[in-house]
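Chain by chain, the residues run as shown.
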Amino acid sequence: MGTRKTKKVTVASDSPNSDAIKNILEALITETATSVQHDAFYAAKVRALQEIDHNFFPAFAKFFLKATLREQELLLPLLRHVQGLEHIKFLQDFVRRAPFLPRVGMIILELFNKSDAMLEAGVASKLLDLDSLARRIAHSLLQGTVDTTLIEELLKLSDHEQEGLLTQLREETGVRCTLLIAAAMNINPQRALHLLNTITRQSDELSLQILTEVFNKTGSKDVAKTLKKMAHCLRQKGVAVDFPMPEKQPRAVFQQAVLPEPRAFISMVDADGTRIIFLIKPVSIYETKIFNVLMSDRRGI
């Protein structure tokens, strides 16, 4: 629904052959998205890129940062066949600032382990912990449950770490990820809404199903607003949207007035044993009847 905001990862200036490099990378995404490719395929792509520009990495890095998280996963194995440390320094900056799929973090960790570069303290453990959390949450959701401790771990992550993890969960568990959001609503409603907005950022039918399920589980007005916006976006794209939204019972034009209760006031007894009683009885919103009663201890009413 919204645009993704991430801290900027710095890259070097573009290659003069960036368009040709871009064409190779786009073709790589198309080919790897439809079938699994082996190392020889990526090695051949690296050779083709080096023939265009031996220092093709700056153009690759710019293309990589603009790609979707899934496209980044398809591009990353290319770096297994790249020499030097430029890509290692880039990836260290990338994992610190940008969202990425936890399983992509494992590919990055592999690249780190094969290099001779000095890594920042805690980078490897961070990538391992993120992948472990993603696996545990996915397993829990596929079993139809979610552990509170897993939600608490998720809420402690940074925004870009949450985005990558939630994107992977959405892909792996589909509508079942609504269990996670609904449970998070009971722990931290505000942060849960942030998680929901992140996981339904893409305007598609799956996001609509997720929003609908979360609304049915929680009845949240904020979720209902987002759900209506999503439905509107999909209708504008020509997608037929049909989902049940609870309708408010229309208020009657004429309603029975709620009148105040009758009241009575009584005076003090005078020397003759007489007192006055005032009775006030509303009979409609426009009319009130008042009764005066003179009551004597000797003569009665």
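Residues numbered from 1 in each chain as written. Predicted model: local features only at pLDDT ≥ 70, side-chain atom pairs only at ≥ 80, totals over all residues. Heavy atoms only, no water.

(A) Structural detail: the overall build of the protein. In terms of regular secondary structure, the protein is built from 13 helices and three strands. Expressed as a percentage of the 301 residues in the protein, the buried residues total 41%. Sequence separation of 24 or more characterises 62% of the internal contacts of the protein that already satisfy a separation of 6 or more. Taken as a whole, the protein presents about 18100 Å² of accessible surface, with 52% of it coming from carbon and sulfur. (Helix = DSSP H or I, 4+ residues; strand = E, 2+ residues; numbered from the N terminus. Buried < 20%, exposed > 50% of the residue type's maximum accessible area, 1.4 Å probe, protein only. Contact = heavy atoms within 4.5 Å. Areas by Shrake-Rupley, 256 points an atom, 1.4 Å probe, with all protein chains shown as cover.)

(B) Representation of helix α1 (residues 18-34). Its 17 residues place the ends of α1 25 Å apart at the C-alpha level, agreeing with the 24 Å of an ideal helix rising 1.5 Å per residue. Those residues of α1 that fall on the buried side of the exposure criterion are Ile21, Ile24, Leu25, Leu28, Ile29 and Thr32. For α1, the angular spread of buried residues about the axis comes to 140 degrees, placing them on one side. In α1, the exposed positions angled more than 90 degrees off the buried face are occupied by Asp19, Thr30 and Thr34. Check the buried side of α1 and you find it contacts α2 (39-52), α3 (57-66) and α4 (69-75). (Expected span 1.5 Å × (residues − 1). Arc of directions from axis to C-beta.)

(C) Molecular detail of the side chain of Thr226. Mapped onto the elements of the fold, Thr226 is located in helix α13 (residues 221-236). Among the residues examined, Thr226 registers a relative accessible area of 17% and is labelled buried. Setting aside anything within four residues of it in sequence, one finds Thr226 in contact with Asn197 and Leu211.

(D) Spotlight on the sheet that holds strand β2 (residues 274-282). In space, the three strands of this open sheet follow the order β1-β2-β3, with antiparallel pairing throughout. Looking at strand neighbours, the two that pair on one side only are β1 (263-266) and β3 (288-296), the edges of this open sheet. Looking at each pair of strands side by side, their axes are set apart by 15 degrees on average, direction ignored. Relative to β2, β1 is paired through four bridges, and the arrangement is antiparallel. (Pairing = 2+ DSSP bridges. Axes fitted to C-alpha atoms, helices over the stretch in contact; angles between N-to-C directions.)

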